[in-house]
Amino acid sequence: MLKALEIFKGVYKIGNKIFTKNMTPGKNTYGEELIKIDGVEYREWNPYRSKLAAAIINNLNFFPFDKNSKVLYLGSAEGTTISHISDIVEEGAIFGIDISAKAMQKFVYLCEQRKNVVPILADAEKPQSYSDYIKNFSIDILYQDISQKDQVSIFLKNSRMYLKPDGCGILVLKIRSISLDEKTEVVLKRETAKLNKEFEIIQEINLEPYDKDHYFIICKRR
């Protein structure tokens, strides 16, 4: 008989896979499996589709999300990962930023089904451009997953403007978006040194085999 074991707040292990409780029963977001246990519906969280899921499976040891979290998410795309965070922060809010109008069309559809997600078509390099949406909220978690050369700079600009003093940062560092030729270890060391000036790094996780040359960095403001 299947059992749901809660491994982090709102994250469940069922068999050898991870799941979140489905905020929209009967509906999936990206073709993920739905399972019912004791009358509760869970959505499979695919690590090949979500870097946060990959980090959890690759031994993430600090999970900052809870049901009341306010999250600023840079690089929302079509909302695969955000949909699972939405399941977890059921009484909180997620502000999803993306510069792609095409991705935003699908993301808006997701947001119409989920009351705690706000779609914002904007450039994460210009954090002041979306201040009107966020100015009345204290952001607990800044999550960034974007393919830009200056990833750390964008992360720091947004953290200075929006992240509360004791807030948590999550940066998905995409090494090959920064440098095509340098060794992964060289780029990682240089970029985390920039981050270290303003954040205490809690954990760095290599996301292989789910994503090559990607590191999941979780940190707290100094």
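Scroll up for the structure.
Quantities reported herein were computed from a predicted structural model and do not represent experimental measurements.

Caption draft 1: Region of interest: the nonpolar core. Ranked by size, the top nonpolar core spans 35 residues in total, and within it Trp-45, Leu-52, Ile-56, Leu-60, Phe-63, Phe-65 and Phe-216 carry the most contacts. Where this core is concerned, the elements lending two or more residues are helix H1 (51–57), strand E6 (70–74), helix H2 (80–88), helix H3 (101–113), strand E9 (139–144), strand E10 (163–174) and strand E12 (214–221). By residue number, the principal contributor to this core is H1, which donates 5 residues. Among residues more than four places away in sequence, those in contact with Leu-60 are Phe-8, Leu-52, Ala-55, Gln-203, Ile-205, Phe-216 and Ile-218.

Caption draft 2: Broad picture of H3. Taking 1.5 Å of rise per residue, 13 residues should cover 18 Å, and H3 covers 19 Å from first to last C-alpha, within 8% of that figure. Along H3, the residues classified as buried are Ala-103, Met-104, Phe-107, Leu-110 and Cys-111.

Caption draft 3: Summary view of the sheet that holds strand E8 (residues 117–121). In spatial order, the strands read E8-E7-E6-E9-E10-E12-E11; together these 7 strands make up an open sheet with mixed pairing. Of all the strands in the sheet, just E8 and strand E11 (199–206) have a single pairing partner and so form its edges. Neighbour to neighbour, the strand axes of the sheet diverge by 15 degrees on average, direction disregarded. The pairing of E10 with E12 spans 7 bridges and is classified as antiparallel. Bridge assignment links Leu-171 to a residue of E12, and that residue is Ile-217. Along the sheet, H3 contacts strand E7 (93–98) and E8; its crossing angle with E8, the most-contacted strand, is approximately 160 degrees. On top of the sheet, helix H7 (residues 184–196) reaches E10, E11 and E12; it is set at about 155 degrees to E11, its chief contact.

Caption draft 4: Geometry of the sheet that holds strand E3 (residues 17–21). The 5 strands are arranged E1-E2-E3-E5-E4 in an open sheet whose pairing can be described as antiparallel. Lying at the two open borders of the sheet, with one neighbouring strand each, are strand E1 (5–8) and strand E4 (34–37). Across the sheet, the axes of successive neighbouring strands diverge by a mean angle of 45 degrees, strand direction being ignored. As paired strands, E3 and strand E5 (residues 40–44) are joined by 3 bridges and run antiparallel to one another. By the bridge assignment, Thr-20 is partnered in E5 with Arg-43.

Caption draft 5: Just the pattern of salt bridges, in detail. The final tally for this structure, using the stated rule, is 15 salt bridges. A salt bridge links Arg-43 to Glu-32, with the shortest nitrogen-to-oxygen separation between them at 2.8 Å. Taken as a pair, Arg-43 in strand E5 and Glu-32 in the loop between E3 and E4 lie far apart in primary sequence, 11 residues in all. In this pair, the class of Arg-43 matches that of Glu-32, namely buried. One salt bridge in this structure joins Arg-160 and Glu-198, with 2.5 Å as the shortest N-O distance. Of the two residues, Arg-160 sits in helix H5 (residues 151–162) while Glu-198 sits in the loop between H7 and E11, which places them 38 residues apart along the sequence. It is possible to trace a salt-bridge network through shared partners that takes in Glu-32, Arg-43, Asp-87 and Arg-114.

Caption draft 6: Structural view of the pairing of E6. Burial of E6 is extensive: 4 of the 5 residues sit out of reach of the surface. Relative to E7, E6 is paired through 5 bridges, and the arrangement is parallel. Within E7, the residue paired with Leu-74 across the bridge is Ile-97. Handedness of the E6-H2-E7 crossover: right-handed. Here E6 pairs with E9 via 4 bridges, running parallel. Across the sheet, the residue bridging to Leu-74 is Gln-144, located in E9.

Caption draft 7: Region of the structure containing unusual backbone geometry. In this model, Glu-208 is joined to Pro-209 through a cis peptide bond whose omega is 10 degrees. Its place among the elements puts Pro-209 in the loop between E11 and E12. One non-glycine residue with positive phi stands out, namely Asp-38, at about 50 degrees. Along the chain, Asp-38 falls in the loop between E4 and E5. At Ala-77, a position not held by glycine, the phi torsion is positive, near 50 degrees. Mapped onto the secondary structure, Ala-77 falls in the loop between E6 and H2.

Rules used throughout
Residues numbered from 1 in each chain as written. Predicted model: local features only at pLDDT ≥ 70, side-chain atom pairs only at ≥ 80, totals over all residues. Heavy atoms only, no water. Core = buried A, V, L, I, M, F, W, Y, C linked by side-chain atoms within 4.5 Å. Buried < 20%, exposed > 50% of the residue type's maximum accessible area, 1.4 Å probe, protein only. Helix = DSSP H or I, 4+ residues; strand = E, 2+ residues; numbered from the N terminus. Contact = heavy atoms within 4.5 Å. Expected span 1.5 Å × (residues − 1). Pairing = 2+ DSSP bridges. Axes fitted to C-alpha atoms, helices over the stretch in contact; angles between N-to-C directions. Salt bridge = Lys/Arg side-chain N within 4 Å of Asp/Glu carboxyl O. Right-handed = clockwise from strand over helix to strand, strands pointing away.

Interpretation note: all reported values are geometric properties and have no functional meaning in isolation.
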